[in-house]
Amino acid sequence: MDPAPDTLLTQQDLQGITDEFFREGCVLVPTVLSANEVAILRNKADEYAANPDTPSKHISHVGTALVLRRCQELDPVFADMVRHEPIVRIAEAVLGTGATFNALNIIRNEPGQAISNWHIDDVLEFPLPAEIPRFDSRMRMPVFWMTVQVALSDIERLEHGPTQFVPGSHYSGRKPNSEENPEFDGRGPKSVFCKAGDVYLTNHQCWHRGAPNLSDRTRYIMQLQYAQRW
């Protein structure tokens, strides 16, 4: 697959990415994959989703969204993404050298579909008692594992179903405080608008969701998860 032409990240680029990630809980990195790479990945996802011989362990649904799981076991095209240089460097900038790959999923939201409930991923890792309102913003909240989200379709307007997050909410020590309009430290939800081939990192302890896809086209997101080696 032909790589994107402008994916060489300098140390200064990586510093800016990690600073925003640790502060906000999410950061966008544009033009990591080429249009050719995006098209191949999207076509492969459709091929395996439609194939009745695809093993059931690779296909599931979360809410109304189709999730193609453990994609690296399905096809070399997906396996190549695990070692994609800009993606690995970004993960290591957050987690440290030798960050270990965990999982590769593709989420496909057809019109009207979404994982739209506000949530954190997995468990609340750093809970606070009621009398302590939040963690001090001068500290960097530990991150032991993370998800690198790769847009495989343009998500440029609210009706396209962007990922939404509440900036800074990974400092809350709590699960989302509202299912309709969560807010933390005076800040409400922010949408991640992006183009196919862009990447964004999310802190799984930051409150987030996928907004409903209200458009007439399918929304594709590839997720790669990495963890600290220990």
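Residues numbered from 1 in each chain as written. Predicted model: local features only at pLDDT ≥ 70, side-chain atom pairs only at ≥ 80, totals over all residues. Heavy atoms only, no water.

Colleague: Report on the sheet that holds strand β10 (residues 219-227), specifying residues and quantitative values.
Modeller: Across the sheet, which stays open at both edges, the 7 strands sit in the order β1-β8-β5-β10-β4-β3-β2 with antiparallel pairing between neighbours. Each having just a single partner strand, β1 (26-29) and β2 (59-62) make up the two edges of the open sheet. The mean inter-strand angle of the sheet, taken between neighbouring strand axes irrespective of direction, is 25 degrees. Bridging between strand β3 (residues 65-68) and strand β4 (residues 100-109) involves 3 bridges; their strand directions are antiparallel. Considered in β4, the bridge of L66 is made with R108. Helix-sheet contacts for helix α1 (residues 11-24) involve β1 and β8 (199-202), and the interaxial angle to β1 is about 150 degrees. (Pairing = 2+ DSSP bridges. Helix = DSSP H or I, 4+ residues; strand = E, 2+ residues; numbered from the N terminus. Axes fitted to C-alpha atoms, helices over the stretch in contact; angles between N-to-C directions. Contact = heavy atoms within 4.5 Å.)

Colleague: I'd like to hear about the pattern of salt bridges, residue by residue, with values.
Modeller: This structure, assessed with the given rule, holds 15 salt bridges. Close ionic contact of R134 with D185 constitutes a salt bridge, the shortest N to O distance being 3.1 Å. Here D185 lies in the loop between β6 (163-165) and β7 (190-191) and R134 lies in the loop between β4 and β5 (145-151), a separation of 51 residues in the sequence. Of the residues examined, D185 reaches a relative accessible area of 58% and is grouped as exposed. Close ionic contact of D154 with K195 constitutes a salt bridge, the shortest N to O distance being 3.5 Å. On the criterion of sequence distance, the pair formed by D154 in the loop between β5 and β6 and K195 in the loop between β7 and β8 is long-range, its members being 41 residues apart. Classification of D154 as partly exposed rests on a relative accessible area of 25%. (Salt bridge = Lys/Arg side-chain N within 4 Å of Asp/Glu carboxyl O. Buried < 20%, exposed > 50% of the residue type's maximum accessible area, 1.4 Å probe, protein only.)

Colleague: Give me the environment of C206: which residues, what numbers.
Modeller: Turning to its location among the elements, C206 is positioned in the loop between β8 and β9 (208-210). Between the C-alpha atoms of C206 and H170, which are 36 residues apart in sequence, the distance is 4.2 Å. In this structure C206 touches E24, G25, H119, I120, F165, V166, S169 and H170, once residues within four positions along its chain are discounted.

Colleague: Break down the packing of aromatic side chains for me, with residues and values.
Modeller: Tallying each qualifying case throughout the model produces 6 aromatic pairs. With centroids separated by 6.1 Å and ring planes inclined at 50 degrees, the aromatic side chains of F126 and F144 adopt a geometry described as tilted. A residue pair is termed long-range when its members are at least 10 positions apart, and F126 in the loop between β4 and β5 and F144 in the loop between β4 and β5 qualify at 18 residues. Classification of F144 by relative accessible area gives partly exposed; the value is 32%. For the pair F144 and W230, a centre-to-centre distance of 5.6 Å together with 75 degrees between the ring planes defines the contact as edge-to-face. Of this pair, F144 sits in the loop between β4 and β5 while W230 sits in the segment after β10, and the two are 86 residues apart along the sequence. For W230, a relative accessible area of 74% gives the class exposed. (Phe/Tyr/Trp six-rings, centres within 6.5 Å; stacked < 30°, edge-to-face > 60°.)

Colleague: Can you lay out the side chain of R219 for me, pointing to particular residues and giving the numbers?
Modeller: In this fold, R219 is placed in strand β10. In terms of polar contacts, R219 uses its side chain to reach the backbone carbonyl oxygen of G161, at 2.5 Å. Looking at R219, its side chain comes within polar contact range of the side chain of T163, at 3.2 Å. Not counting the four nearest positions on each side in its chain, R219 is found in contact with I107, R108, N109, S153, I155, H160, G161, P162, T163, Y200 and N213. (Polar contact = N/O pair within 3.5 Å; in protein donor to acceptor, adjacent residues only side chain to side chain.)

Colleague: Any details on the nonpolar core? Residues and values, ideally.
Modeller: For soluble globular proteins, nonpolar side chains are generally found buried alongside one another. Counting residues in each nonpolar core, the largest one holds 39 residues, and the members touching the most others are L33, L104, I106, V150, L152, L201 and M222. A total of 5 residues in this core trace back to one element, the largest contributor, which is helix α4 (residues 85-95). Sequence-distant contacts of I106, defined by excluding residues within four places in its chain, comprise L41, A45, L66, V67, L68, C71, F78, L152, I221 and M222. (Core = buried A, V, L, I, M, F, W, Y, C linked by side-chain atoms within 4.5 Å.)

Colleague: For the sheet that holds β7, give the residues involved together with the corresponding values.
Modeller: Taken in spatial order, the 3 strands of this open sheet run β7-β6-β9, and their pairing is antiparallel. The open sheet has two free edges, formed respectively by β7 and β9, since each of these has just one partner strand. Sheet topology places β6 next to β7; 2 bridges connect them, and they run antiparallel. Bridging from a neighbouring strand, Q164 pairs with S191 of β7.

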